[in-house]
Amino acid sequence: MNPTTTIAVRAARQAGSVIMRSFSRLDTLTVSEKQVNDYVSEVDRNAEQAIIGTIHKAYPAHAILAEESGAHGKDDFQWVIDPLDGTTNYLHGFPQFAISIALKHRGKLETAVVYDPLRDEMFTAARGAGALLNDRRLRVTDQKGLKGALLGTGIPFRDQRYMDAYLGMLKALTQETAGIRRPGSAALDFAYVAAGRLDGFWELGLSEWDFAAGALLVQEAGGVVSDIRGGGRHLETGNVITAGVRLHRTLVETIRPHLPDALSA
Ligand code: 2AM
Ligand code: CA
């Protein structure tokens, strides 16, 4: 394992123990609403501090972009951190949440870790070196079309401007596929595409920290990640489609007729 992946795994495990320690006493947590429907607790903040502490001990000069504390530092290397992806699930005791840590070098994804502390599943990837779940190599599915495909998605929870457009996509894809799941942690949804548990996934309005690590996992597992129109602006726009090569093309084509002009790629 390369040195940055080793540090990311160590940081993810530390955040995992912060998160699991409080999972049995959720009623005692102080929760606040950052924006409409967007919650945060002391667990998110403590897990984030544990991650940043571990990274900075190894790489004091590296810059950080983290969900709770924002962007700090200026360097060619930047760590993109979501300390608890699926906070709403976590706060309800719904068992689907993860830690997501990615490293970018001059904007290019180099290292990715998504860790599910409940199932002790560690998804890792390094650019050019493939993706793993614990010690097992990952590969996206070879699904061709919509028939028989199991897709993940996220329902818009904050910005409702594109709800009708989204519902159009959902309707078109529900009719044609084996099923659609909305698990609630985009980081894990991407990891599941990488692992072949989902054939594909799409969502509008994600933040970079939700899926930076997931994007590298899918790419290193042989899949494709794009913006909602099939281009390369997904990390900027947060409107994403991911799947194996052939299904990805079909998803882009099926979603396209439902896209409003105003929606950025
Ligand atoms: P978060 O838990 O780190 O905020 C997918 O919809 C993404 O949106 C999740 O990965 C989740 O990341 C974020 N999100 C924030 N609030 C949400 C909500 N109320 N319902 C679903 N997802 C939410
Ligand atoms: Ca998140």
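Since the model is a prediction, treat every value here as computed from it, not as a measurement.

S.K.: It is not clear to me how the overall build of the protein should be interpreted in this structure. Could you clarify?
M.R.: What the protein contains, in helices and strands, is eight helices and 15 strands. Judged by the C-alpha coordinates and their principal axes, the protein covers about 50 × 40 × 35 Å. Looking at the protein residue by residue over its 265 residues, the buried ones come to 55%. If you take every contact in the protein between residues at least 6 apart in sequence, the share linking residues at least 24 apart comes to 63%. Here the protein carries 29 positive and 31 negative side-chain charges, and the mean point of each set is 5 Å from the other.

S.K.: It is not clear to me how the site of ligand 1 should be interpreted in this structure. Could you clarify?
M.R.: By nearness alone, 17 residues border ligand 1, and N37, D85, G86, T87 and E203 come closest of all. Between ligand 1 and G86, the relevant distance is 2.7 Å, taken from an oxygen atom to a main-chain nitrogen or oxygen of the residue. Burial of ligand 1 by the protein amounts to 91% of the accessible area it has alone, namely 460 Å². Those elements that provide at least two residues to the shell around ligand 1 are strand 5 (77–85) and helix 3 (87–92). Taken together, the residues that form the shell around ligand 1 break down as four nonpolar, six polar and seven charged.

S.K.: Mind showing me how you'd approach the side chain of T111 here?
M.R.: Topologically, T111 is positioned in strand 7 (residues 108–116). Here T4 takes part through its side chain, which lies 2.8 Å from a polar atom of the side chain of T111. Residues within four places of T111 in sequence aside, it is in contact with N2, T4, T5, A8, I101, A102, L103, A125, A126 and L216.

S.K.: Mind showing me how you'd approach the side chain of D189 here?
M.R.: With respect to the helices and strands, the residue D189 is situated in helix 5 (residues 186–194). It is R182 that comes nearest to the buried, bridge-free D189 among opposite-charge side chains, at 5.5 Å. Not counting residues within four places of it along the chain, the set of residues in contact with D189 comprises T153, P183, G184, L198 and F201.

S.K.: So what exactly am I meant to see when it comes to the coordination of the calcium ion (ligand 2) here?
M.R.: Angles between donor atoms at a metal ideally measure 109.5 degrees for a four-coordinate tetrahedral arrangement and either 90 or 180 degrees for a six-coordinate octahedral one. In the first shell of the calcium ion (ligand 2), the protein supplies D82 (OD), D85 (OD) and D210 (OD), at 1.9 to 2.2 Å from the metal. In the primary structure, the donors to the calcium ion (ligand 2) are separated according to the pattern D-x2-D-x124-D. Highlighted residues: D85 in strand 5 and D210 in helix 6 (residues 208–220), separated in sequence by 125 residues.

S.K.: What's the story with the nonpolar core in this structure? I'm lost.
M.R.: It is characteristic of soluble globular proteins that their nonpolar side chains tend to be buried jointly. In this structure, V114, F123, L138, F190 and L217 are the most contacted members of the largest nonpolar core, which totals 37 residues. Membership of the second largest hydrophobic core comes to 28 residues, among which are A11, V18, Y90 and F97.

S.K.: What should I look at first to understand the domain arrangement of the protein in this one?
M.R.: Note: interface size is frequently given as the accessible area lost on complex formation between the parts. Assigned domains within the protein: domain 1 (3–137) and domain 2 (150–258). Placing a centre on the C-alpha atoms of domain 1 and another on those of domain 2 gives a separation of 21 Å. Tallying the contact residues gives 40 residues for domain 1 and 24 residues for domain 2. The interface formed by domain 1 and domain 2 includes three salt bridges. Between R158 and D38 there is a salt bridge, and its shortest N-O distance comes to 2.5 Å. On inspection of domain 1 and its partner domain 2, the count reaches 11 residue pairs in polar contact (both at pLDDT 80 or more).

S.K.: What am I meant to see in the packing of helix 5 against helix 6 here?
M.R.: Running from N to C, helix 5 and helix 6 cross one another at 5°; their axes reach a closest spacing of 8 Å. Overall, the two elements helix 5 and helix 6 adopt an arrangement that is roughly parallel. Contacts between helix 5 and helix 6 involve A186, A187, F190, A191, V193 and A194 from the first element and D210, F211, G214, A215, L217 and V218 from the second.

Conventions we followed
- Residues numbered from 1 in each chain as written.
- Chains lettered and ligands numbered in written order.
- Predicted model: local features only at pLDDT ≥ 70, side-chain atom pairs only at ≥ 80, totals over all residues.
- Heavy atoms only, no water.
- Helix = DSSP H or I, 4+ residues; strand = E, 2+ residues; numbered from the N terminus.
- Buried < 20%, exposed > 50% of the residue type's maximum accessible area, 1.4 Å probe, protein only.
- Contact = heavy atoms within 4.5 Å.
- Lys, Arg positive; Asp, Glu negative; His and termini not counted.
- Charge placed at Lys NZ, Arg CZ, Asp CG, Glu CD.
- Near = heavy atom within 4 Å.
- Polar contact = N/O pair within 3.5 Å; in protein donor to acceptor, adjacent residues only side chain to side chain.
- Areas by Shrake-Rupley, 256 points an atom, 1.4 Å probe, with all protein chains shown as cover.
- Nonpolar A, V, L, I, M, F, W, Y, C, P; charged D, E, K, R; others polar.
- Salt bridge = Lys/Arg side-chain N within 4 Å of Asp/Glu carboxyl O.
- Donors = N, O, S within 2.8 Å, 3.2 Å for Na, K, Ca; no water.
- Core = buried A, V, L, I, M, F, W, Y, C linked by side-chain atoms within 4.5 Å.
- Domains from an automatic or database assignment.
- Axes fitted to C-alpha atoms, helices over the stretch in contact; angles between N-to-C directions.
- Parallel < 35°, antiparallel > 145°, perpendicular 65-115°, else oblique.

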